[in-house]
Structure formats: C-alpha cells, structure tokens
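Notes for the structure review
Single-letter residue listing:
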Amino acid sequence: MKKVTVILMVAVALFSSAICNAAEYLVVVNSGNPLTQISKGELRNIYLGKKTTWDGGQKIELAVLSGGKAHEEFCREVVNKNPSQFSNFWKTALFTGTGTPPKSLVGDGAMLGFVKNNPDAIGYISGNTAPSGVKILSVD
Amino acid sequence: MKNVVVGIITVLVFTGSAFAEQEAATPAATKAEVGLNSAYVGELASKVRLNGFLSQGYLLSSGNNFFATSQKHGTFEFNEVGLTVNADVTEKLHVGAQFLSRDLGPVGNNEVRLDWAFGDYHASDYLGVRIGKVKLPLGLYNEGRDSDFLRPMVFLPQSIYDENRRDLWVAYQGIGIYGNIPLAIAGDLEYKGYVGELNFQDDSILITSFKQSSLKILKQQYGPTTQLSSFKVDNNYVLGGAAVYNSPLNGLRLGISYMQGQTDLTIGSTSIPPSSSSGPNGSLRMKHKFVYSAEYTHKNFLLAGEYSESDRLQQVLGKNLADGPSQEYYLMASYIMFDKLSLNLLWDVYYEQMHDKDGLLFKKQGLQDYMGWRKDYGAGLRYDVNDHWTLKAEYHYVDGCALQMQVLNPPPTLGSSVPALRRYWDYVAVKASFNF
C-alpha cells in the first residue's frame, strides 16, 4: 500500500509538472507554415542558431520574449540554459561576429504580431495567452 | 596598421557589394528616388547593427605585480572598450568588424585596434566560410575573451587563456570554415577549421619577454654594453581547428581544439657581425597545441574543465628558451545562488615544462624553481544587474610564478639576473562592465 501511494504521488507530481510546463509557453509559427509539430531538439537547434532554414529553404525568422515566466521556462526547458546564459550565448555570437541574436520582443502581443506578419517566423508566447492568426506547434 | 587597413577594406568591399546588390533588387520605379529615399536608407540601416561594450576594473596584488604595477595601491589600468558593427548583407552573407581599445598595465594603453573584421558566407548549416581577421577558436571561451561580460570570471583561466600570450591566440587573419552536423538522436557536432597568420603587437608582454631574453643572450655573447637595435616578429602561418560535440544529455558538451604555427624573429644589434645579421635569428614554433574541453550545465549549476598541452620550440640567437610541452588544466564551477548573483570557483594549474614539474630546469639556470609552475585558487561573485550591466569581484591565491611574470617583476638590484618574484602571492580583481 505504501509503495502504491508513493507511485501515485510520483505520478501525480510528474503529471502536474507536465501540465505546468505545458501551460508555461506555447510555440507559435505563421499560419502558412506547413509544420504542425516540432521536436525539442530541433527547436533547441533553431534557437541556438544551428538550424537557420526551414525544410523548404526559407531563412527562419527568430524571436524571443525579452523576459517573464514563459521566457525563463522556454530557456530552461528547450535551450537548457538559464535566461542569462542564453543571453550570453547570443552576445558571444554578436561580439565575435559569428551570429545575429534573435529579435527580442516585449510581451505576447508583440510576438503574435511578429509571427503573423512573417511567413518564416517562429516564436513563443505565454501559455495563458489565447493566440489567434498563428499556428501553435506541439513540442515532442 | 597595415592589418587595420586590410580589415577595413575587407568590410568596405563586402558592404559595398551589399549596397550594389540592394540597389539591383530595387524596382526600377523607385531607383530614381534612391539617393535621398529615407525608406531605402532605413532599410539599409535596418540591416546594420551597432553594438558595443566598455568595462573598467581594478587590480590589486600582494607579493608580485600581476599584469601591471598592481601592488601597494593597485591599478585602474584595466579596461576594455569595444565597438562592433554587424550587417546581414544577404540571407547568406554577413559582414562585421570590431574595434577594440584596451589597457592592461603596459599593454594596449587604449590604442584603438581592429579586433576582428571578416566576411562570412553561410552556404548552409553544414558549411560556411569566413575570410578576414577572425577570432581564433580555441577551447570553450577563447573567442569571447575580450568582452568582460562574456567571461564567467574577471579573467579567463590563465593556464590556457593566458593574457600575456594573447597575441598567439586572439585572432587569425586568413580563411576559415565552420558548420554544424546534426547526429540525430546522438546530438550534433560543431566544427571550425582555419589557416592564416597571426598579428603580434609590439607592446605585448610576450614580445617584451622575448626582447628581454634576447638582450640577455646578446650581453652574454657580445658583452654587457650590447643593446638591441631592432626586433622584428613575423608570423609565417597558423592553422588549426576545433570541434564541439553537443551530447543528447542535456547541458553536456565536449570539445577538442588544435593549433600549430611558426613565427620568425629577426633580432638586430650593432654587436652582431654583418655576416650573420641577415635573415631571422630566432623563432617561436608551436609544434602543436591540443585543448580538451568539457562543460556541463544543469539548472543553476555549471561545471567546466579543460586540459591542454602545448609543445613548442622557442629559439633566440641559437639558444633554446623553451623546448618541450607545457601543461595546462583547470576546473571552474559556477552556481547561480539567486536570480542574478552567481558564485564562481576556480582551480587553475600551469606547468612551464610538463616533464619538469619541480622547476629544476629553472633552478639550474640560477632562477627560482617556482617560475616553473603557477597554481591559482580563485573564488568570486558575479552580479548581472540587468542585461546591460555586470559587476564582478574575486580573490585569488597563487602558488608559483610561471607565465612571463618576470617581465613586471624585474631583478631588485643592479647586476642581478634573478627576478623579484615571491612564490606565494595573491590578487583581487574587481570589474564593472556595460554592453549595448
């Protein structure tokens, strides 16, 4: 009985954490983008500048939120860095000429506007924002 | 200066081609308006990014001078100012340049120099080409070494990223390739390779050290009144590469870097007979340098370690100054205690000769044996005030005086050849930096 209780508690903890994570951010692309899902590894490669084009050859237009809970969670979950490490990663690229940092946008509204207006854009917003005019990607 | 001009020309040529391409892509109807068309100017401006940074530090040491006259009252001769221009000319062509002014004791004195300037053609994620003056890929941190906020601590671990020898690793002028190879579920592999030349600064501690050694040998060969009349440094080539494997295990990356190169020295003195004064009479040969790197990041914790061996042959006027491999390694741990405050710990070890860890070769020359090693134990705090401001403060306790410390700690008495070096010493470094 004790074991069952422990297993249940672990399962509940994992489940609630999954719900929590799922609710922290939503990955969005332009509604014309044929993608419906993306792996976390692929998303990481995009946000670390290792994958710069979509499968069709178009250059990926990248944006990040300037701060907030969704940004923090996205950095930790997807890029495996805390926000300041992620920021320093792109600053290293910028100040050595080896890469151009993503656009930094303030708030979900700005992010949604950016993704709506750029067919090759990708971004993320808070999980509690109801997006319209963009496509939400499921993240494996 | 010649290199600065070459760099600027490189950037201008690339930027010029960008403008030409932009114009060609402009519809005919609007071409006539291009001259003062603000939208056009705005579009061009939107392709160009201007960024910069500045930092000011304070360095205080006891026992020995460290990079500057840092004992007693310390020194503020410790700053960096950089201005960076980047432009995406097309989707695949990027150009950029960084001008750097720095001061570290007798080095730099805030003269503005070209830090890097190159054109980058990104053919695909698998392969790109860079031409110009490019930051040299070596270990985990070399490319970002000149921007304070990119370094975890005030100084990078000196065993591998020694400031006194920065000319050897700061940047190459030549051609390089790079790319990223996805390995499916096994992660991915980043690679860089290059061939080119190095540019040595006359005021660097490395060159000063070689001048001092050359003069010492000249005096031994031709008498105590002999003086140097010229000292020319000419790098023949440098080549190398780096690979970083990003494992599927979150936050773990492993790397290996390699380089080799050859530099000629032409030492002039009125005492050298004309028959033997033509051509190089000294050389710095890096037979090979390997750096093995590992970094693990987990949540608020970062652990980095690197191990390196540098096999070199340094000869001046027929005498060997160094022959054989040095050994370098460090461990650095960083923990973000609170949102913006992190604690950094460092254990950093350098041996001038990896097969003579007790410094017996120095002792045989009548010098202190502890010139053969340097072991640095450091602890510091870093506070990232916001995305633009960073503050750092740290303390280091050091055993040993390797790495050209004799240059800033000359013999205390006239006629003595033994530098005034203390085996155990320490230093405090504080730095504030701003970037935009």
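Preceding this paragraph is the structure being described.
Residues numbered from 1 in each chain as written. Chains lettered and ligands numbered in written order. Predicted model: local features only at pLDDT ≥ 70, side-chain atom pairs only at ≥ 80, totals over all residues. Heavy atoms only, no water.

Turning next to the overall build of chain B. Scanning chain B for helices and strands turns up seven helices and 16 strands. Taken over 436 residues, chain B has a buried fraction of 52%. Within chain B, contacts between residues at least 6 apart in sequence are counted, and of these 63% link residues at least 24 apart. (Helix = DSSP H or I, 4+ residues; strand = E, 2+ residues; numbered from the N terminus. Buried < 20%, exposed > 50% of the residue type's maximum accessible area, 1.4 Å probe, protein only. Contact = heavy atoms within 4.5 Å.)

With that out of the way, let us pick up the interface of chain B and chain A. Listed as interface residues are 36 residues of chain B and, on the opposing side, 22 residues of chain A. Counting the surface lost from both chain B and chain A, the interface buries some 2400 Å², and carbon and sulfur atoms represent 46% of this. Remark: the boundary between chain B and chain A carries three salt bridges. The closest approach of N and O atoms between K50(A) and D188(B), which form a salt bridge, is 3.4 Å. (Buried area = accessible area lost by both parts, 1.4 Å probe. Salt bridge = Lys/Arg side-chain N within 4 Å of Asp/Glu carboxyl O.)

A separate point is helix α3 (residues 69-79) of chain A. Those residues of α3(A) lying buried are A70(A), H71(A), E73(A), F74(A), C75(A), V78(A) and V79(A). Positive backbone phi, at 60 degrees, marks N80(A), one or two positions downstream of α3(A).

All names here are of chain A. Pairing in this open sheet of six strands is mixed, and the strands run β2-β6-β1-β5-β3-β4 from one edge to the other. Looking at which strands have only one partner, the edges of the open sheet turn out to be β2 (37-38) and β4 (103-105). In this fold helix α2 (residues 40-47) packs onto β1 (25-30), β2, β3 (61-65), β5 (121-126) and β6 (134-139), with an angle of close to 110 degrees to the strand it touches most, β5. (Pairing = 2+ DSSP bridges. Axes fitted to C-alpha atoms, helices over the stretch in contact; angles between N-to-C directions.)

Where charged atoms of side chains with opposite charge meet at close range, the side chains can pair. Residues and elements named next belong to chain B. The tally for this structure, following the rule as stated, stands at 28 salt bridges over all chains. When the shortest N-O distance is used, the salt bridge between R113 and E111 registers 3.5 Å. Two residues, R130 and D120, come together in a salt bridge whose shortest N-O distance is 3.0 Å. Taken as a pair, R130 in strand β5 (residues 128-135) and D120 in strand β4 (residues 112-121) lie far apart in primary sequence, 10 residues in all. Of the residues examined, R130 reaches a relative accessible area of 6% and is grouped as buried. Residue classification places D120 among the buried residues on the basis of a relative accessible area of 4%. The network of salt bridges with shared partners includes R102, D115, K135, R145, D146, E163 and R166.

The subject of this paragraph is the nonpolar core. Residue and element names in this part refer to chain B. Residues Y141 and Y330 are the most contacted members of the largest nonpolar core, which totals 38 residues. A per-element tally of this core places helix α6 (residues 205-222) first, with five residues. With residues near it in sequence (within four places) discarded, Y141 still touches P152, L156, Y161, E295, L302, A304, E306, Y330 and M332. (Core = buried A, V, L, I, M, F, W, Y, C linked by side-chain atoms within 4.5 Å.)

Now for the pairing of strand β1 (residues 48-62) of chain B. Residue and element names in this part refer to chain B. Summarising the sheet, β1 and strand β2 (residues 78-88) pair through nine bridges and their orientation is antiparallel. Among the inter-strand pairings, G52 is bridged to a residue of β2, identified as L83. Pairing of β1 with strand β16 (residues 424-435), which is carried by 10 bridges, proceeds in the antiparallel orientation. In the strand pairing of β16, L59 is matched with A429.

All names here are of chain B. Within the secondary structure, D167 sits in helix α5 (residues 166-169). For the buried residue D167, which engages in no salt bridge, the nearest side chain bearing the opposite charge is R166, 4.8 Å off. The residues touching D167, leaving out its near neighbours within four places in the chain, are L198, N199, F200, Q201 and S204. (Lys, Arg positive; Asp, Glu negative; His and termini not counted.)

What follows covers unusual backbone geometry. Residue and element names in this part refer to chain B. For K72, which is not glycine, the phi torsion reads 60 degrees and is therefore positive. Of note, K72 is situated in the loop between β1 and β2. Backbone geometry places L403, a non-glycine residue, at a positive phi of 75 degrees. Tracing the chain through its elements places L403 in the loop between β15 (389-399) and β16. A residue is classified by how much of its surface remains accessible, and L403, at 3% relative accessible area, is buried.

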